[in-house]
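Each chain is listed here by its residues.
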Amino acid sequence: MRVVLGVAGGIAAYKACSLLRLLAEAGHDVTVVPTAAALKFVGAPTWAALSGKPVSPDVWSSVHEVPHVRLGQEADLVIVAPATADLLAKAATGQADDLLTNVLLTARCPVVMAPAMHTEMWDHPATQANVSTLTERGVHIVPPASGRLTGKDTGPGRLPEPEVLYAVCEREMARSATAAHTVASADAAARATTSADVARGPGRGRGDLTGRRVVVSAGGTREPLDPVRYLGNRSSGKQGHALAVSAAERGARVTLVTSAAADLPGIDVVAVETALQMREAVLAAFADSDVVVMAAAVADFRPAAYAPSKIKKSHSAHVDGSEDDSAPTITLVRNPDILAELVRARGGSGSPVIVGFAAETGDDDGTVLEHGRAKLERKGCDVLVVNEVGEGKTFGADDNTVTVLRRGSDESVEVGPATKAAVSDAVWDVVATLL
Ligand code: CTP
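So, a few notes on the structure that sits alongside this text. (Residues numbered from 1 in each chain as written. Predicted model: local features only at pLDDT ≥ 70, side-chain atom pairs only at ≥ 80, totals over all residues. Heavy atoms only, no water.)

Things to note about the side chain of D429
Phase 1 of the analysis: Looking at the secondary structure, you find D429 in helix 15 (residues 420-432).
Phase 2 of the analysis: Classification of D429 as buried rests on a relative accessible area of 13%.
Phase 3 of the analysis: In this structure the side chain of D429 is engaged in a polar contact, spanning 2.7 Å, whose partner is the side chain of R250. (Helix = DSSP H or I, 4+ residues; strand = E, 2+ residues; numbered from the N terminus. Buried < 20%, exposed > 50% of the residue type's maximum accessible area, 1.4 Å probe, protein only. Polar contact = N/O pair within 3.5 Å; in protein donor to acceptor, adjacent residues only side chain to side chain.)

Spelled out as structure tokens, the structure:
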């Protein structure tokens, strides 16, 4: 693929060298377009040597090749890393006073920007307005990571690590390549039925969650029995994490409450273990939210008592060879139903939109879908994502097949088999219509 790597004038420009290497080693044809300020941090010889191509920040080199138009037109992806406050402002207002800003105006491929700057500059309403404008136009903004900045200060503003940016680039290129090879029927697209065959086109749905606050719970809770044992379940958290990433890509500010380890740049991750901790974290974020998605597999029960020291098999094997085969009885108590609590807490206001998940198996009492519809009514949420579970299905897999149900509507959206990212997009397509 042809990639243009734009580099603006920030100290994080040095990290773009590693990103360039990763892209080049993966076989992409990378042209580096630094701004004049970027060259004060990393010189042209470095970019030229690493990319194997001449490098110029202005439109006056190799004019006969019309690079200011050709580079953008021919690119499969443009990524700007780091994108400074100045570059974001220029891009948002359509200025074109150097090669990079010209490329941004001529590119029709996916455009990714990774802002990096001091926290005050990032938080400034002018920068945030520029980010919103760019997001609405379909630019994929990778939010800055939090951490140590150039001086002694810390906070949001760091350029995410090159590996993270590289993964975003690959995902964007894979998406747009799938979309280019897909002839999706207008009907299917209109019904927002997403599958591996009906991938999101570049920019489709982008920015539709801009400014929205989203809470996603993910993973299976672990209910401790003693310091080494817990009651758990087989949920991997992958679908919930994909939902969080997809919402962030569409412009939302996302809080992910998860029991599965996650380092997702730009997402506020709250690590929890038990259902009670998950309840506390979800309720804390709920008040400010526009959408809550309960994708977590919350344990319905927990051990009534926690043994502060390891429960011993104790005297079961005696020296004389006789066996004591007694085993402890574990008493369980019910965990709170977080989803039901959220529905009660919002009362008749209808806000936030609440999305539940249901892991179902068909049985003598009904099909997976019938159980799903009954659960949607019982739970009182707005949307229910129904998963068929069972041997070899869903848990830990990268693909998923779900049916999305809406309260008050007989229609259902079948999704998959599709990647968990594509399933997430389909869920957000439905939720976005309710906002
Ligand atoms: N859920 C919750 N709190 C619980 C249990 C479940 O918030 N203590 C949420 C899940 O995150 C999911 C939805 O409720 O969004 C459905 O969970 P599920 O376990 O399928 O529903 P139950 O009401 O527990 O029904 P079942 O008897 O089928 O287990």
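Topic: the nonpolar core
Phase 1 of the analysis: In this structure, V216, V254, V293 and W428 are the most contacted members of the largest nonpolar core, which totals 32 residues.
Phase 2 of the analysis: Residue contributions to this core peak at seven residues, all from helix 15.
Phase 3 of the analysis: Those residues in contact with V216 that sit more than four places away from it in its chain are G240, L243, A244, V254, T255, L256, V257, V293 and W428. (Core = buried A, V, L, I, M, F, W, Y, C linked by side-chain atoms within 4.5 Å. Contact = heavy atoms within 4.5 Å.)

So, the site of the ligand
Phase 1 of the analysis: Inspection of the region around the ligand gives 15 residues, with M294, A296, L339, K375 and K379 positioned closest.
Phase 2 of the analysis: D300 has a polar side-chain atom sitting 3.2 Å from an oxygen atom of the ligand.
Phase 3 of the analysis: In isolation the ligand exposes 580 Å². Once the protein is present, 76% of that is buried.
Phase 4 of the analysis: Broken down by secondary-structure element, the contributors of at least two residues to the shell around the ligand are helix 13 (338-346), strand 16 (353-360) and helix 14 (368-379).
Phase 5 of the analysis: Of the residues forming the shell around the ligand, the biggest block, four residues, is contributed by strand 16. (Near = heavy atom within 4 Å. Areas by Shrake-Rupley, 256 points an atom, 1.4 Å probe, with all protein chains shown as cover.)

Section: the packing of helix 4 (residues 67-74) against helix 6 (residues 99-106)
Relative placement of two packed helices is described by the angle separating their axes and the distance separating the axes.
Phase 1 of the analysis: The interhelical angle for the contact between helix 4 and helix 6, taken along N-to-C directions, is 45°, at an axis separation of 7 Å. Compared by their axis directions, helix 4 and helix 6 come out oblique. The crossing of helix 4 and helix 6 is right-handed. Of helix 6, the residues touching helix 4 (which contributes P67, H68, V69, L71, G72 and Q73) are L99, N102, V103 and T106.
Phase 2 of the analysis: Among the residues forming the contact of helix 4 with helix 6, the class breakdown is five nonpolar, five polar and no charged. (Axes fitted to C-alpha atoms, helices over the stretch in contact; angles between N-to-C directions. Parallel < 35°, antiparallel > 145°, perpendicular 65-115°, else oblique. Left-handed = near helix turned anticlockwise from the far one by under 90°. Nonpolar A, V, L, I, M, F, W, Y, C, P; charged D, E, K, R; others polar.)

Points about the pattern of salt bridges
Phase 1 of the analysis: Taken as a whole, this structure holds 17 salt bridges when the rule is applied.
Phase 2 of the analysis: One salt bridge connects K53 with D29, and the closest N-O pair in it is separated by 2.3 Å. Of this pair, K53 sits in the loop between helix 3 (44-51) and helix 4 while D29 is found in strand 2 (residues 29-34), placing the two residues 24 residues apart along the sequence.
Phase 3 of the analysis: Relative accessible area serves as the criterion here: at 35%, D29 is assigned to the partly exposed category.
Phase 4 of the analysis: Put simply, R212 and D290 hold a salt bridge, and the shortest N to O gap is 4.0 Å. Placement of the pair is R212 in the loop between helix 10 (186-190) and strand 8 (213-218) and D290 in the loop between helix 12 (275-286) and strand 13 (291-294), with a sequence separation of 78 residues.
Phase 5 of the analysis: Put simply, K15, R158 and E161 are held in one network by salt bridges that share partners. (Salt bridge = Lys/Arg side-chain N within 4 Å of Asp/Glu carboxyl O.)

Some details on the pairing of strand 16
Phase 1 of the analysis: In terms of residue burial, strand 16 counts as a mostly covered element, since seven of its eight residues are buried.
Phase 2 of the analysis: Bridging between strand 13 and strand 16 involves four bridges; their strand directions are parallel. The residue of strand 16 that forms the bridge with V293 is V355.
Phase 3 of the analysis: Between the parallel pair strand 16 and strand 17 (residues 383-388), the chain is carried across by helix 14, and the sense of this crossover is right-handed. (Pairing = 2+ DSSP bridges. Right-handed = clockwise from strand over helix to strand, strands pointing away.)

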